[in-house]
Every structure is written in C-alpha cells, then in structure tokens.
Amino acid sequence: MNPEIGHFALILGFALALCQAVLPMVGSYTGNRPWMAVARPLALGQLLLALVSFVALTLAFLADDFSVLYVANNSNSLLPWYYKISAVWGAHEGSLLLWVLIQAGWIAAVAAWSRSLPLTLVARVLSVMSMVAVGFYLFLLFTSNPFERMLPFPAAEGADLNPLLQDFGLIVHPPLLYMGYVGLSVPFAFAIAALLAGRLDAAWARWTRLWTNAAWAFLTLGIALGSWWAYYELGWGGWWFWDPVENASFMPWLVATALVHSLAVTEKRGAFRSWTLLLAIFAFSLSLLGAFLVRSGVLTSVHAFATDPARGVFILAFLALVVGGSLLLFAIRAQSLPNQGGFEWLSREAFMLINNILLVIATAIILLGTLYPLVADVLGWGKISVGPPYFNLFFVPLMLLLAPLMAVGGILRWKRTEWSWLRPALVLPLLISVVAGLVFPWLYAGAFHAGTAITVAVFVWVVVVLVRDIWRKSAYSGGRVRGLRRLTGSYYGMQLAHLGVACAILGAGMVSIYTAEKDARVEEGGRVEDAGYHFEFADFSVVQGPNYVADQAEVRVWRGERLVATLYPQKRRYLASGQLMTEAGIGGGLFRDLYVSLGEPLGDGAWAVRVHVKPFVRWIWLGALLMAAGGGLAMADRRYRARRTALAGSTIDNAVVTGSH
Amino acid sequence: MKNLKLFIPLLIFVVLGLFLLWGLGKDPSDMPSALIDRSVPEFSLPDLQNPGMTLDQTLFQGQVTLLNVWGTWCPPCRVEHPFLVALEKQGVAIVGMNYKDMPEAAREWLADKGDPYRATFEDREGRYGINLGVFGAPETYLVDHRGKIHYKHVGIVDEAVWQQIEPLYNKLVAASEEDRP
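Owing to the predicted nature of the structure, the values given are computational and were not obtained by experimental measurement. (Residues numbered from 1 in each chain as written. Chains lettered and ligands numbered in written order. Predicted model: local features only at pLDDT ≥ 70, side-chain atom pairs only at ≥ 80, totals over all residues. Heavy atoms only, no water.)

Let's talk about the overall build of chain B
Broken down by element type, chain B carries five helices and seven strands. The order of α-helices and β-strands along chain B, N terminus first, is α-β-β-β-α-β-α-β-α-β-β-α. A fraction of 70% describes how many contacts in chain B between residues 6 or more apart in sequence connect residues 24 or more apart. Accessible area for chain B stands at about 9400 Å²; split by element, carbon and sulfur atoms hold 56% of it. (Helix = DSSP H or I, 4+ residues; strand = E, 2+ residues; numbered from the N terminus. Contact = heavy atoms within 4.5 Å. Areas by Shrake-Rupley, 256 points an atom, 1.4 Å probe, with all protein chains shown as cover.)

Here you go:
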C-alpha cells in the first residue's frame, strides 16, 4: 500500500506545484494579494507531500518490498539497512525523487526566509521555482516513476545495489550535490523575477547573495565528497578524472563562484547588473545541462545512470524551455537595466571582473572539452575522447593565475586603490613567497622542481597576504581581540574560502608532482618499498561481509624500524551481482596518504598490488571544507541576522494568519 | 532592441541545444554490452574438454542456448553450478565460456561437480569477454537458434532468476521449432 501512497502524494505535489507556478505569478501582475500570498502555504504543502512520497519509497526499501520494480533492481535483502536507505537515491528514478524533494525544500526555505522582501518579488521567485519543479514532477511521473510495481509476479530477491555505491560517501554525496544543483535554482528564480520587474536593487542583491552562498557551499561539499569517494572507492588512487559527470558538477560550481563575486559588486556598487543576471541563469542552466548529460546517455561516463533516449528528449525539451526562455527574456529585458558605478583598473571591481572572466573561460574550456566528443560524433569526425591532458593544460595555468590575483582582490578597495597604499601590502608577501617557493622543493625532495616552486609560492603568497590583511584590519584602539570581533562574518567568510582555495591548490600540486606509485607482484610475507616506506604484505586471507566475500591482505607499513600503519585492502566479490570491487587500504595523514590496492590474483598465492604514497592529498578536500565553511560564515553575517530577529514577530503573525485560512 | 549583443548567450545556447539534440540519436558508448539483439561475436577458441580442438560461433546455430560465463576462481560460480546442472537435466542447452581460468583446474571442477555444458570454450586472456561485454563472472546470455543474443543476466542464475528468463526462453524455443520444417 505504501508505494501507492507515495505515488499519490507525488501526483498531489505536482498539482500543488502547478498552482504555485501559476497563481502567484498571475497575482503579481493583476495585483491580487491573496493569489500572491498563497505561494507560501503552497510551498509548505509541496514540501510535506514530497516528504511523504520520499518516505514511502524509503519504507519500501527498508521492508524489502521487491514487488516495487525500482526496489527490486537496486536493493537486496542482505543489504545493510543504511545502504537500503541510501539505495533510495542509488539510481535514476529515486535520485530524481530526491531532486524533487530537495527542490521542494528550497522552495519552502525561500518561502520561510523572505519576509523582508516585497511580496511581488517573493511571489514571482516562488512561482519560477515551482515552474522548474513542475518540469521535474512531470519527468518523474511520466518517464521515471520509482513506484512502479512488478505485479502479479514480484521478484523473490533484489538485484542488489551497485557495489560501487555501497559506501558511506554515497550516502551523503548525492544529497549534498543536489542541494547545490537545486539550490542554484534560487538565484535563477531571483534573476528571472528581476528581469520580469526590470528592476534590481541592493536588497535584491543582498538576498540573492545569501541563497547563492548557501547553494555554492553545498555544491562545494558535494563535489569534494565525490572526489574523496572516487579516491578511496575506485581504487585507482586518483581524485579527479575530468569525467563528463564530474565536469557536469564542476561547471555550475565555477559559474556559481563567479556569481558569488559578481553579486558582491552588484550589492556594494550597483555595477555588473546584467552580467550578474546572466551568471545566475548560466549557473542553473549548467546544473540542468549536467542532469541532461548524466541521464540521457549522450556521453559515456563511469557514473553511467541507466539511460534512456526518451528521458533525454524530455530533459532536452525542458532545458530548451527553461534556458532558452530565460535567455530570451534576458536578451529583451536586460536592455533596460542601467549599469552604474565607474571604477579604475586598480580597484576591487576590476579584480572581480578579472575573476569572473577567468572563471567563465575555465567553464567554457571544460564545456568544450566535455561536449567535444559529442560534437565530433555529430559532425562525423569520428569517436574522440578528450582526456585529462587537455583539461589540465588549460585549467592549471588559469587557476595559478587566478589564485595570486584572488589574494590581491581580497584587500583592494572599491572603486579605486592607490598604488602607494597597495605596494607595502604586497612587497613583503612577495618576498616571502618567492623565497618559500625556491627553498621548499630542496627541503622536501632534495631537488628543485619548477611546478612545486610555483605551487608553494602561490600558496604562501595567498596565506601571507591574507593574514597580513586580517592583522591590519583588526588593529583597533579597544584591543586586538575586540578588533578581530569587529570584522564581519562575510569578511571572515571570504578569507576562509580564499584560504581554502590556496590549500586545495597546494594539495593538488603536491600530489600531482610527488605521488610515488609502484606496481608489484607479492606473495605472503613479501615487501614493497616506495618513497621510503616499506609495505610488508604480512597475510592474505578470505573474509566474509554481509553481502560479499573478500580477499583481504594485511599490510604493515614500516618507516625504518617504526610501524606507521596497518592497512587492510580488499578485493570484494558481491554475491548477488557477482561484481568485483577493490577496496583500497588507506593510511591517512595530513602530509601524506599511504594507499594500497589489490589487483588480480596471479596464482600460487601471489597478488598483483599497487602501492602509492600521496603527499598532501588531503589538503584538496580540506581546502574544499574551508571554502564551504567560508560560505557558511558569510551567510551568518550580521546584516542577515539583524533582519531576521527584527522580523521574527511578523513571521509568527503570518503563521497565525496562514493557519486560520 | 538596440543592444543586440544581449542575444549572444541565447544564440550560443541554441547552437548547443541543436548539437545535444543530434547527440541524442547516437549511441556514444557502443559498449559491447549492447549486443542484445545482435549476433554472438565471431570467435575461434580452444575447446576445454578436447584439447587441441577449437570451437566457434556456429556452436549456437540450430538450438536455443544459454551462454554461461564462469571460472573456478569465482565463488558465486560455485553457488550457481548445481542449478546449471539441474537446468541441463531439464533439457536446457548450455554452452560454457571458461573465463580467465586455468584449463586443468576447470576440467577438474567439471569432473568433480558435474558438467552441465554441451561444450565449453576457453577465454583465457579475457579478450573475447571484452567483445561480449562481460563485466565479471558469472554472467549468462540467452542466445536463439540463429545465434542472436536476446538477454543478458549479470550474476548468479538461480530458481528466481530462471523464472524471469524462462518465458522468453520458451518463446524462443517455440520460434525455433516453427523454423524447423
């Protein structure tokens, strides 16, 4: 019965979304206040219905209801309960239901935290977001119903969740990523509302910035978690593959990053208005494009969802409607938006512009590389695959250019900065970073390496400029501590996120340059030496998991006479699907990871193994954490909080009014 | 409408959309797993039970056959094996593909546990497995009397799985009998 309740709730949710897409929008033009005000209760209703639907599917998984086709295809009675829950979003249909749930969540969030905005604006924003939701409801109901039954002959046992996805990382990765993707629909909706009104002011920019920050922080975490998952679960020791699906998540992130900065200019200086709107449209369009690429099967990827051309046609039509429609609106309405605020080249605005240009170029390069195989195929140039060398060739120099400028942009003043003021702020950091860059490779590896020197110099440069700036800005007659407390949340957020970028660059550079990797054939008791570590394969055994059997090695890692770590890499065979999975053994550390994965058994008790020592690899994800934390801090800025407390009273009033309807 | 450059983003998107639309009609992967509804790829591989002899795709002509991919190194194959023996007793023709395995060990396994296979060919390096689109063992393909693949199952074939495959199997058998004058 449960699945039918879920299905029914989904249909009801669709009906509410449809009302919400139409009524408030019409009301905003006819000046009908009740029609506009109904957007808020409808948002709540939509969220509740989506929740019911989602819970119904989750219960079907927990109860091993294999009469539901989707459950039978993606679960198994032997699956541990927590993977039964995460299996809900383990494949296409369920992940789309999660998408709809999160969309409803964002709509409800905007409805709840928008009391200080004019009703017309809120009504239009909620209406636009619901239009997007309607598209996804239709997609779900007509092409990807997760509640479809296999009756009258239900399966006796489920086919099991793809073993790659049976992992903690996957429990959290898709929800975070979708929070980011779908969250970008908020700035998108704000942009459309601004275009419809032909007006955008500082309040608009301030609130759009808040929502963009939130979505951006989620997207950052989601991508980082995906990279971390690929690192330890795929068993190749790589952390980024420039796979189409990774690119699909990275492109909206880059544009959202540009948007966060462009919005800052729009809020503080009123400049870059049409550019900001365009970025908001692009960021969400790239999210949708990502959804299209992953689910339509036009590109091959390690993340292959069950693909289906009918779904592809649907998303493409949806994409054409949403993106084409909004870009057309932009082309017509952005004409009337005046840009104001002149600035000189040595100003924060100018550096924000450079930031935006570099980020958009990076996005364009990735988009080109991702779609090139498709374009080549269509034009009959043969099957081509664009690999990491292409992406690295362009992307790495762009980031190494962006990062030093980022540090400067963080300390520049608006409109105009005196070179005489700026120079002392840069000379000392420059000196320190150059020396650090030159010395570090010698100290670390005993030989000079240009790549290391540049990476370290960039890192040190960003950190020193940043710390010096905090030190200077916190100078206060009332004492240092009070000085530090006077600085705003959005200032700290910015600095923290910039520090995160520097850490990620350092991690990526170091691990790319100094990873030591060895393939070897070992028997029990055999040893492999790699980068000063001895890996002793003490024991091979067979262990039994809940739904798999695994060959497991016990690897003791020695540095000299000292036992550093004991690792247990596994080669698992999942019983239901018969799939083989490599589970790497990882000894983590701030400055290096020890990474062992089992290859093929070679007979006579010997195994092919791969051993890596990966310096600083964790700094990549640490950097991402700092970036997301920075986004969070910026959201906690006083200027949002003050308003919220002031409006708490009216929120309660409204709730009473809503309840009495 | 004096500022026409505002239309540039729209234009770019339209071009992009056209490419995506064309792209939808194409199969990007051409993964051999898409062999469903195509013929069994050609091969000429050693016959496990008759050393020195080879087998080829004509093995699949004239009779509806299950092609089972297995290896002695694969624990689930051990689980699956008794059911295959039972299936063969019901009169289902099964051809084995011994995948990435040692021939001696494989022959011993069949002598020990019973040989449900009408014939078994060796794919020692796993090359043919690539043509066939094998993910791992065990895997089972349903092939009709003309050598066309109709269905692929990844994982163990047991009673429950067979219940799903059987209707299609029976249909194919019926079709093959109609073909026979």
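Describing the confidence of the model for chain A
Residue and element names in this part refer to chain A. Chain-level statistics for chain A give a pLDDT mean of 87 and a share of 92% at 70 or above. Note on residues 301-306: pLDDT is under 50 here. Beyond four places in sequence and across chains, it has 17 contacts. Every residue in residues 644-661 is under pLDDT 50, and counting partners more than four places away or in other chains gives seven contacts. (pLDDT = per-residue confidence, 0-100.)

As for a positive patch on the surface
Residue and element names in this part refer to chain A. Side chains of Arg482, Arg485, Arg486 and Arg638 sit close together on the surface and give a patch of like positive charge. For the positive patch, the element with the highest residue contribution is helix α18 (residues 480-486), accounting for three residues. Within the secondary structure, Arg486 is located in helix α18. (Patch = residues over 30% accessible without salt bridge, like charges linked within 9 Å, V, L, I, M, F, W, Y side chains within 5 Å. Salt bridge = Lys/Arg side-chain N within 4 Å of Asp/Glu carboxyl O. Lys, Arg positive; Asp, Glu negative; His and termini not counted. Charge placed at Lys NZ, Arg CZ, Asp CG, Glu CD.)

Structural notes on the sheet that holds strand β6 (residues 139-143) of chain B
Either a parallel or an antiparallel arrangement is found when strands of a sheet pair, and the pairing is made through backbone hydrogen bonds. Residue and element names in this part refer to chain B. Strand order in this open sheet of five strands is β5-β4-β3-β6-β7, and the pairing throughout is mixed. Strands with a single pairing partner mark the edges of an open sheet, and in this sheet they are β5 (119-123) and β7 (149-154). Strand-to-strand twist in this sheet, taken as the mean axis angle between neighbours without regard to direction, amounts to 20°. Two elements, β6 and β7, share five bridges in a ladder whose sense is antiparallel. By the bridge assignment for β7, Tyr141 is matched with Lys152. Of the strands in this sheet, β3 (65-70), β4 (93-99), β6 and β7 are in contact with helix α5 (residues 159-179), which crosses β7 at around 170°. (Pairing = 2+ DSSP bridges. Axes fitted to C-alpha atoms, helices over the stretch in contact; angles between N-to-C directions.)

As for the nonpolar core
Of all hydrophobic cores here, the largest spans 158 residues; its most connected members are Phe190, Trp204, Trp239, Phe250, Leu277 and Leu319 of chain A together with Leu20 of chain B. Examining the composition of this core, we find that 15 residues originate from one element, helix α10 (residues 202-233) of chain A, more than from any other. Of the residues that make up this core, three or more belong to each of domain 1 (1-166) and domain 2 (198-409) of chain A. When near neighbours in sequence (up to four residues on either side) are disregarded, Leu319 of chain A contacts Ser285, Leu288, Leu289, Phe292 and Gly324 of chain A together with Phe13 and Leu20 of chain B. (Core = buried A, V, L, I, M, F, W, Y, C linked by side-chain atoms within 4.5 Å. Buried < 20%, exposed > 50% of the residue type's maximum accessible area, 1.4 Å probe, protein only. Domains from an automatic or database assignment.)

Here we look at the environment of Leu97 of chain A
Structurally, the position occupied by Leu97 of chain A is in helix α6 (residues 92-112). Sequence spacing of Leu97 of chain A and Phe136 of chain A is 39 residues, and the spatial spacing of their C-alpha atoms is 8.8 Å.

Concerning the sheet that holds strand β10 (residues 606-615) of chain A
Residues and elements named next belong to chain A. Taken in spatial order, the four strands line up as β1-β10-β9-β8 in an open sheet, and their pairing is antiparallel. Each of the sheet's edge strands pairs with one partner strand only, and the pair in question is β1 (516-522) and β8 (585-587). Strand after strand, the sheet turns through a mean of 15° between neighbouring axes, direction not considered. Against the sheet, α10 makes contact with β8, β9 (592-603) and β10, and its axis sits at roughly 40° relative to β9, the strand it touches most.

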